[in-house]
Amino acid sequence: MEVERGRERIGHVNRVGYMKKVIKKRKHTRKIKQVEKVVPVALQDLYLSCQDVFKGPGTVPAPQDVHKLCTIIDNMKPEDVGLSSELQFFQPTNMVRGNPRVTHTTIYKCDNFSLCIFFIPAAGVIPLHNHPEMTVFSKLLLGTMHIKSYDLVDPVNLEGLEPSSQLRLAKLKADRVFEAPCDTSVLYPKTGGNIHAFTAITPCAVLDVMGPPYSKDDGRDCSYYKDYPYTNTASNGETEVTIEDSDSYAWLEEIEMPENSQMDGIEYLGPQIIDPRC
């Protein structure tokens, strides 16, 4: 992905680029007015609302606050973060050779929340991973992708089934294709599809609002998983349980970071938010 910053090339990924307005000088004019940068209303509203909604680690936004953020994010457009479907990265002819690596950029980050964009080339994958103790709002801004998500099943609800140290029973929450524009999805620390995977069908851009953000020092490191078809027999081969609609369940095994989980970070060059406290 190539970012237009003096034609600097970052990694071996394709060009993303950010929209820039070109201001032409009028002929026979001596004075040139300086044009002030205008922050898209939706982006600024999102930032200010996140300041109010996210109270820090160990907290989950109240239902009315979730509705508030969803309303703002639902109405956001690619242009609000400096993107356009006309950019080369999002063209159907833009195919990545070799391993299609994912690129991410951070709009804003503090201890309580972060605003990020993930650029996923066609056939690119963000493998199955979790969001420990986090509430995440995701919005597919551009493209078409397949999303698969799970929630871990509480062991006390397994009716005598003791999960092994390697496998955990999980309930399937989503397994379908999404096409932009679509509604905001919300996942919570233990519900809503906290463990999910993205596979891009066409080049995609995903806006993620995470509260609080990942922090290895605070015990919110990212874990990765591999899913296996559900069977009625536990991993020790001894205990059998019956679960209605077994197709909606799977066994998840925590694994080391997959090779295809490596991402390239780039500088955010879209509209900048304004902190009124500064």
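Here the structure is shown first, and the text comes after it.
Read on for an overview of the structure.

About the thresholds
Residues numbered from 1 in each chain as written. Predicted model: local features only at pLDDT ≥ 70, side-chain atom pairs only at ≥ 80, totals over all residues. Heavy atoms only, no water. Phe/Tyr/Trp six-rings, centres within 6.5 Å; stacked < 30°, edge-to-face > 60°. Helix = DSSP H or I, 4+ residues; strand = E, 2+ residues; numbered from the N terminus. Buried < 20%, exposed > 50% of the residue type's maximum accessible area, 1.4 Å probe, protein only. Pairing = 2+ DSSP bridges. Axes fitted to C-alpha atoms, helices over the stretch in contact; angles between N-to-C directions. Contact = heavy atoms within 4.5 Å. Salt bridge = Lys/Arg side-chain N within 4 Å of Asp/Glu carboxyl O. Parallel < 35°, antiparallel > 145°, perpendicular 65-115°, else oblique. Left-handed = near helix turned anticlockwise from the far one by under 90°. Nonpolar A, V, L, I, M, F, W, Y, C, P; charged D, E, K, R; others polar.

In this structure the tally under the stated criterion is 9 aromatic pairs. Note on Phe 54 and Phe 113: the rings are 5.9 Å apart at their centroids and 25 degrees apart in plane angle, and the pair reads as stacked. One end of the pair, Phe 54, is in the loop between helix H1 (41-53) and helix H2 (63-74); the other, Phe 113, is in the loop between strand E1 (102-109) and strand E2 (114-120), and 59 residues separate them in sequence. Phe 54 gets classed as buried once you look at its relative accessible area, which sits at 4%. The class for Phe 113 is buried, based on a relative accessible area of 1%.

Strand order in the open sheet formed by 6 strands is E7-E4-E9-E2-E1-E12, and the pairing between neighbours is mixed. Strand pairing shows two members of the sheet lacking a second neighbour, strand E7 (185-187) and strand E12 (263-265), which therefore form its edges. Pairs of neighbouring strands in the sheet enclose a mean axial angle of 25 degrees, with direction left out of account. H2 rests against strand E4 (135-142), E7 and strand E9 (204-211) of the sheet, and its axis sits at about 15 degrees to E4.

Counted according to the given criterion, the structure contains 3 salt bridges. Salt-bridge contacts for Asp 227 lead to Lys 148; the nearest nitrogen and oxygen are separated by 3.1 Å. In this pair, Asp 227 sits in strand E10 (residues 224-229) while Lys 148 sits in strand E5 (residues 144-152), placing the two residues 79 residues apart along the sequence. What makes Asp 227 partly exposed here is its relative accessible area of 25%. Note that Arg 220 is salt-bridged to Asp 218, the shortest N-O span being 3.9 Å. Given a relative accessible area of 5%, Arg 220 falls into the buried group. Among the residues examined, Asp 218 registers a relative accessible area of 53% and is labelled exposed.

One way to put it is that H1 packs onto H2 with a least axis distance of 9 Å and a crossing angle of 165 degrees. Considering their axes alone, H1 and H2 lie roughly antiparallel with respect to each other. Note on packing geometry: the crossing formed by H1 with H2 is left-handed. Contact residues: Ala 42, Asp 45, Leu 46, Ser 49, Cys 50, Asp 52 and Val 53 in H1; Asp 65, Lys 68, Leu 69, Ile 72 and Ile 73 in H2. For the contact of H1 with H2, the class distribution of residues is 7 nonpolar, 1 polar and 4 charged.

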